[in-house]
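# Remarks on the overall topology
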Amino acid sequence: MGVEQAPTAKGKQAAKGLKQAAAKDERKTEADTGRPLKKGAARFDERSKSSDGKSAGAKQKI
């Protein structure tokens, strides 16, 4: 749930804190790896590959 959609003030505060924590973690990961993390569909494809290097879609075609 986004900050704008939260029905209560407490929910908005929690959503804002979660968003900030996620951004901080992303910056840390990017600094550790030395490259920016992929965004959007490219990020989904990168994360969906298993240890054998095949994506979920490639495995389903077999």
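In this convention, every chain numbers its residues from 1, walking through the sequence in written order. Thresholds applied to this predicted model are a pLDDT of at least 70 for local features of residues and 80 or more for the giving and counting of side-chain atom pairs; totals over whole chains, interfaces and linings are not thresholded and use all residues. Side-chain metrics rest on all non-hydrogen atoms present in the structure, leaving aside hydrogens and water.

By the criteria applied, helices consist of DSSP H or I runs no shorter than four residues and strands consist of E runs no shorter than two, each listed in order from the N terminus. The helix and strand tally for the chain stands at 3 helices and 0 strands. Of the regular secondary structure in the chain, the N- to C-terminal order runs α-α-α. Only protein chains enter the accessibility calculation, which uses a 1.4 Å probe. A residue is then buried if its area is under 20% of the maximum for its type, exposed if over 50%, and partly exposed in between. For the chain, the proportion of its 62 residues judged to be buried stands at 5%. Element-wise, carbon and sulfur atoms account for 56% of the exposed surface of the chain, whose accessible area totals about 5,300 Å². The Shrake-Rupley method, run with a 1.4 Å probe, gives the accessible areas here. Residue values count only the displayed protein chains as cover.

Looking now at the environment of glutamate 26. By the secondary structure assignment, glutamate 26 is in helix H1 (residues 9-33). Beyond its immediate chain neighbours, meaning those up to four positions away, glutamate 26 contacts Leu37, Lys39 and Arg43. Contact criterion: two residues are considered in contact whenever any of their non-hydrogen atoms come within 4.5 Å of each other.

We now examine H1. Its 25 residues place the ends of H1 36 Å apart at the C-alpha level, agreeing with the 36 Å of an ideal helix rising 1.5 Å per residue. Positive phi shows up at glycine 34, right after H1, with a value of about 80 degrees. Helix span is expected to be 1.5 Å times the residue number reduced by one.

Salt bridge, as used here: a side-chain nitrogen of Lys or Arg that lies within 4 Å of a carboxyl oxygen of Asp or Glu. Tallying each qualifying case throughout the model produces 3 salt bridges. One salt bridge in this structure joins lysine 28 and aspartate 32, with 3.4 Å as the shortest N-O distance. With lysine 28 and aspartate 32 both in helix H1, this residue pair falls 4 residues apart, about one helical turn. By relative accessible area, which is 59% here, aspartate 32 ends up exposed. With a shortest N-O distance of 3.4 Å, glutamate 30 and lysine 39 are connected by a salt bridge. For lysine 39, a relative accessible area of 47% gives the class partly exposed. Through salt bridges with shared partners, a single ionic network connects Glu26, Glu30 and Lys39.

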